[in-house]
Amino acid sequence: MIGPGKQQNAFKKCLRNRSLVVGFFGYIHPLNKLDSTDGSTYHTATFHIRFPHTGDVCYLAYHYPYTYTRLLSDIARWKKEAERTDSNPVYFRVQSLTSTLLENPVPVLTITAKSLLTDDKSTPDQLARLSVSASEVDGCKPMPDRSFYTRSSIRPYIFLTARVHSGETNSSWVMQGLVNHLVSDHPVAVQARQQFIFKIVPMLNPDGVICGK
């Protein structure tokens, strides 16, 4: 179902890019019978796909893929971006929640304001021990830092997860956008870090993502 105006135009533009759709032909978007409280009209997109080769195995994807490798790359990028946020320092830590049956680490991120750690006059050595490189997520074991949780108890936690179902790639893109925002200098992100501690598991089922299950 698509709404009027720009959404319809975007849909038409997407369908004109035939390099993304093998054997595609024809589409219509007739007005449907859904009622709208604000008087808007809605259309139902209908299209046909012709498979050119008998016996082929074809897959229809409803969203762009987001791989485990891409997640690890994003984690490394987020760490660098958090380090560059000088005016409003970001506390960004990567740990492994657990290891999967295929021995893939399940990364868990902690994001909050670094001022949380400096308010209690922590020494540079203490702060350094709380900094974990994103590359260390490979093979690292869960290492709860009790001193951090003691100092951070003044802020409520927000716990977020994504990709428990490996086929839901759109959730990974939503999570990517969320973390992009949380490590930025945007005023809303700065305020969120100052008020909350975010615990994020961006991919709960990496084995399913890797194996395509």
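Residues numbered from 1 in each chain as written. Predicted model: local features only at pLDDT ≥ 70, side-chain atom pairs only at ≥ 80, totals over all residues. Heavy atoms only, no water.

Participant: Kindly report on the overall build of the protein, identifying the contributing residues and their values.
Facilitator: Scanning the protein from terminus to terminus reveals 8 helices and 6 strands. Along the protein, helices (α) and strands (β) appear in the sequence α-β-β-α-β-β-α-α-α-β-α-α-β-α when read from the amino end. In the protein, which comprises 213 residues, the share counted as buried stands at 35%. In the protein, once contacts between residues fewer than 6 apart in sequence are set aside, the share between residues at least 24 apart is 68%. Counting only carbon and sulfur atoms, one obtains 57% of the accessible surface of the protein, whose full area is about 13400 Å². (Helix = DSSP H or I, 4+ residues; strand = E, 2+ residues; numbered from the N terminus. Buried < 20%, exposed > 50% of the residue type's maximum accessible area, 1.4 Å probe, protein only. Contact = heavy atoms within 4.5 Å. Areas by Shrake-Rupley, 256 points an atom, 1.4 Å probe, with all protein chains shown as cover.)

Participant: Outline the sheet that holds strand 3 (residues 90-99), supporting the account with residue identities and numerical values.
Facilitator: Across the sheet, 4 strands lie side by side as 3-4-6-5; this open sheet has mixed pairing. Either end of the sheet is taken by a strand with one partner, and the two such strands are strand 3 and strand 5 (157-161). Pairs of neighbouring strands in the sheet enclose a mean axial angle of 20°, with direction left out of account. As judged from the 3 bridges shared by strand 4 (residues 105-113) and strand 6 (residues 197-201), these two strands associate in the antiparallel manner. By the bridge assignment for strand 6, I111 is matched with F198. (Pairing = 2+ DSSP bridges. Axes fitted to C-alpha atoms, helices over the stretch in contact; angles between N-to-C directions.)

Participant: With reference to specific residues and values, describe the nonpolar core.
Facilitator: Counting residues in hydrophobic clusters, the biggest one holds 21 residues, and the most contacted among them are L71, W78, F92, L109, I111, V179 and I200. Elements with a minimum of two residues in this core: helix 2 (68-84), strand 3, strand 4, helix 6 (169-182) and strand 6. No other element matches the 5 residues that helix 2 contributes to this core. For W78, the residues in contact, after removing those within four places along its chain, are L71, F92, L109, Q176, V179, N180 and V183. (Core = buried A, V, L, I, M, F, W, Y, C linked by side-chain atoms within 4.5 Å.)

Participant: For empty space enclosed by the protein, give the residues involved together with the corresponding values.
Facilitator: Applying the stated criterion across every chain yields a total of 1 cavity of 30 Å³ or more. Y66, L71, W78, S172, M175, Q176, P202 and M203 together form the lining of the largest cavity. Here the lining of the largest cavity gets 3 residues from one element, more than from any other, and that element is helix 6. (1 Å grid on protein atoms, 1.4 Å probe; cavity = no way out; pocket = protein on both sides within 12 Å on 5 of 7 lines; lining within 4 Å. Points joined across faces, edges and corners; volume = space filled by probe spheres on them.)

Participant: Can you explain the pattern of salt bridges? Please cite residues and give values.
Facilitator: Taken as a whole, this structure holds 3 salt bridges when the rule is applied. Residues R77 and E81 are paired through a salt bridge, measuring 3.0 Å at the closest nitrogen-oxygen approach. With R77 and E81 both in helix 2 and 4 residues apart, the pair spans about one turn of that helix. R77 sits in the partly exposed class, given a relative accessible area of 27%. A salt bridge links E83 to K79; its shortest N-O distance comes to 2.4 Å. Of this pair, E83 and K79 both sit in helix 2, 4 residues apart, roughly one helical turn. With a relative accessible area of 49%, E83 lands in the partly exposed category. We classify K79 as buried; its relative accessible area is 15%. (Salt bridge = Lys/Arg side-chain N within 4 Å of Asp/Glu carboxyl O.)

Participant: Any chance you could break down the packing of aromatic side chains for me, citing the residues and the numbers?
Facilitator: Scanning all chains against the criterion turns up 2 aromatic pairs. Ring geometry for Y66 and W173: centres 5.1 Å apart, planes at 85°, overall edge-to-face. One end of the pair, Y66, is in the loop between strand 2 (46-49) and helix 2; the other, W173, is in helix 6, and 107 residues separate them in sequence. With centroids separated by 6.3 Å and ring planes inclined at 65°, the aromatic side chains of F196 and F198 adopt a geometry described as edge-to-face. Residue classification places F196 among the partly exposed residues on the basis of a relative accessible area of 27%. For F198, a relative accessible area of 7% puts it in the buried group. (Phe/Tyr/Trp six-rings, centres within 6.5 Å; stacked < 30°, edge-to-face > 60°.)

Participant: Can you explain the side chain of D207? Please cite residues and give values.
Facilitator: Within the secondary structure, D207 is located in helix 8 (residues 206-211). The class for D207 is buried, based on a relative accessible area of 13%. Polar side-chain contacts of D207 include one of 3.1 Å to the backbone nitrogen of L102. Once residues lying within four places of it in the same chain are set aside, the contact partners of D207 are T100, L101, L102 and N104. (Polar contact = N/O pair within 3.5 Å; in protein donor to acceptor, adjacent residues only side chain to side chain.)

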